[in-house]
Amino acid sequence: MTTLAPGTSTLVRDALAVLQPGFTGTRAPDWVLRRLGEGLAAVGLFGRNIASPDQLADLTAQLRAERGDVLVAVDEEGGDVTRLEVRTGSSFPGNLALGAVDDTALTRSVARELGRRLAECGVNLDWAPSADVNSNPDNPVIGVRSFGAEPDLVARHTAAYIEGLQSAGVAACAKHFPGHGDTDVDSHHDLPRVAADLPTLRDRELVPFRAAVRAGAKAVMSAHILLPALDPDRPATLSPEVLHGLLRAPAHEGGLGFDGLIVTDGMEMRAVSAAYGLEHGSVLAVAAGADAICVGGGLADEDTVLRLRDALVKAVREGRLAEERLADAAARVRALADWTTTAAPARGAGVAAEPAVGLDAARRALRVTGAGQYDPARGPVFVAAFTPVANIAVGAETPWGVGAELERMLPGTGTGAYGRPEPGEEEPSALIARVLAEAADRRIVAVVRDVHRHPWMAGALASLVAARPDTVVVEMGVPQAPPAGALHIATHGAARVCGLAAAEVVTGKGAGH
């Protein structure tokens, strides 16, 4: 095992320790291994780094051969946001499905099984769960990643998820503090603004985060959102008032009293980087109270690590960042690393496998309307998938829908994908005519996602159902719009198991709820 490189100063080691960078490839590049020897204490993995559980276990073993207590983090929420199963879809439904069932024991079991699988692969920090209250149904980036729109429901499932995940030896990271649910802007692209006053924030957004702290969450991730009621000038990630004055402050001072690791959301996201730049934004984040800088979703090279390391060192030497603050941040990173190697259950040891819990949860989450008049499909159907642009958190590479499962269950089934027509291109009526022509005499299963947020999709669906009243509609996003079709199935998420559960109902093999 490599020891810290001789001559590496304490300041440089601390600057490296607070970074959680990404890299490309399914093996760690030499530069990552070198920096681990110089003080780097964590890495973040993404779908591009993961090909199989065995490969992931080999990768994490390679990292630990250089530094035994390295934090290996991944953005594995289950549901729509999966890295373990990025190319197949998740074996676990996401938060909205779990909230729809509203059985905290089930949520705890799902998180424990997910944690067990992560731990077996050597991952010890999960940037999950989302503790956001999805109070704005037009939210483009949270949606089904939230347990729901009711603060107390979100709070109890956030706590259950954290307990389940950490019982398997994987540190949980509640996100996105102080709450990304009441936004209609994706912070990957721009800076969202939450106009709620402080009493509303305390009664809504902060309720699940209080529950997360009480449940012993090892980490909390900050949001790149502007909340004028807390700080009119800086987004939460860069705000001392939000991180130090609210998240860290003790309860008797109006804070949440959190003493664990504060992680930033991805610092290359435009909500921060466009206005402050990567280096300056990272310095401001640490100064504000963040302990770990997440970067690597987009910038995944050695130069990024060196730029951030040098920016932090320079800021200390120029008096723009207190050396004590950087040292405290690095110490919190090392304290979490110590928990993963000493206090946490080792590699999921003693955690019984529950391989069927994800599909069971997906089945229980289904809400079916119109089943009394529905004659299950016995022969080939045609799946018309109306596909919105995937948000960056989900990624376009993860498959979703019911087509693959129905093709397996009903040979001869076909699938067509239909996106929003561009102005001057295909007229809506022409799009529906194309669907009908491709379906021919087969029953149509229309698959939609957040139909209430996409007028083009809502119009297309209405026209399709009018033309073919026997159409089955599967809503795999937030089921905000009124049910439509001869049969309407709300899955509360687009994970692979959600598609399987819906396909069982379409074919008469599942009852739904």
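These figures come from a predicted structure and were not determined experimentally.

Can you walk me through the overall build of the chain in this structure?
A tally of regular secondary structure across the chain gives 18 helices and 14 strands. The C-alpha radius of gyration of the chain comes to 23 Å, within 12% of the 24 Å expected for a compact globule of 513 residues. Taking the principal axes of its C-alpha atoms as reference, the chain extends roughly 75 × 45 × 45 Å. When each of the 513 residues of the chain is scored for burial, the buried share is 60%. For the chain, the share of sequence-separated contacts (at least 6 apart) that also reach a separation of at least 24 residues comes to 78%. A total accessible area of about 18,400 Å² is found for the chain, and carbon and sulfur atoms account for 52% of it. Computed over 48 positive and 63 negative side-chain charges, the separation of the two mean positions in the chain equals 3 Å.

Honestly, the nonpolar core in this entry has me stumped. Any pointers?
Generally speaking, a soluble globular protein has its nonpolar side chains buried in company with each other. If you look at the biggest cluster of nonpolar residues, it comprises 118 residues, and the most contacted ones within it are Leu 19, Leu 63, Trp 127, Phe 177 and Val 263. Beyond its immediate stretch of four places on either side in the chain, Phe 177 contacts Leu 206, Phe 209, Val 220, Met 221, Ser 222, Ala 223, Ala 236, Val 242, Leu 246, Leu 247 and Leu 256. Counting residues in hydrophobic clusters, the runner-up holds 30 residues, among them Ala 495, Val 497, Cys 498 and Ala 503.

How do you make sense of the pattern of salt bridges when you look at a structure like this?
Side-chain pairing between opposite charges can occur once the charged atoms of the two side chains come close. Following the criterion strictly, the structure yields 34 salt bridges and no others. Taking the shortest distance from any N to any O, the salt bridge between Glu 205 and Arg 204 comes out at 3.0 Å. Assigned by exposure class, Glu 205 and Arg 204 land together as buried. For Glu 504, the salt bridge identified is with Arg 363, shortest N-O distance 2.7 Å. Placement of the pair is Glu 504 in helix α18 (residues 496-506) and Arg 363 in helix α14 (residues 357-365), with a sequence separation of 141 residues. Accessibility expressed as a relative area gives 36% for Arg 363, which makes it partly exposed. Within the structure, one salt-bridge network assembled from shared partners comprises Arg 248, Asp 259, Asp 291, Arg 325, Asp 328 and Arg 332.

Thresholds, definitions, all that
- Residues numbered from 1 in each chain as written.
- Predicted model: local features only at pLDDT ≥ 70, side-chain atom pairs only at ≥ 80, totals over all residues.
- Heavy atoms only, no water.
- Helix = DSSP H or I, 4+ residues; strand = E, 2+ residues; numbered from the N terminus.
- Rg over C-alpha atoms; globule rule 2.2 N^0.38 Å.
- Buried < 20%, exposed > 50% of the residue type's maximum accessible area, 1.4 Å probe, protein only.
- Contact = heavy atoms within 4.5 Å.
- Areas by Shrake-Rupley, 256 points an atom, 1.4 Å probe, with all protein chains shown as cover.
- Lys, Arg positive; Asp, Glu negative; His and termini not counted.
- Charge placed at Lys NZ, Arg CZ, Asp CG, Glu CD.
- Core = buried A, V, L, I, M, F, W, Y, C linked by side-chain atoms within 4.5 Å.
- Salt bridge = Lys/Arg side-chain N within 4 Å of Asp/Glu carboxyl O.

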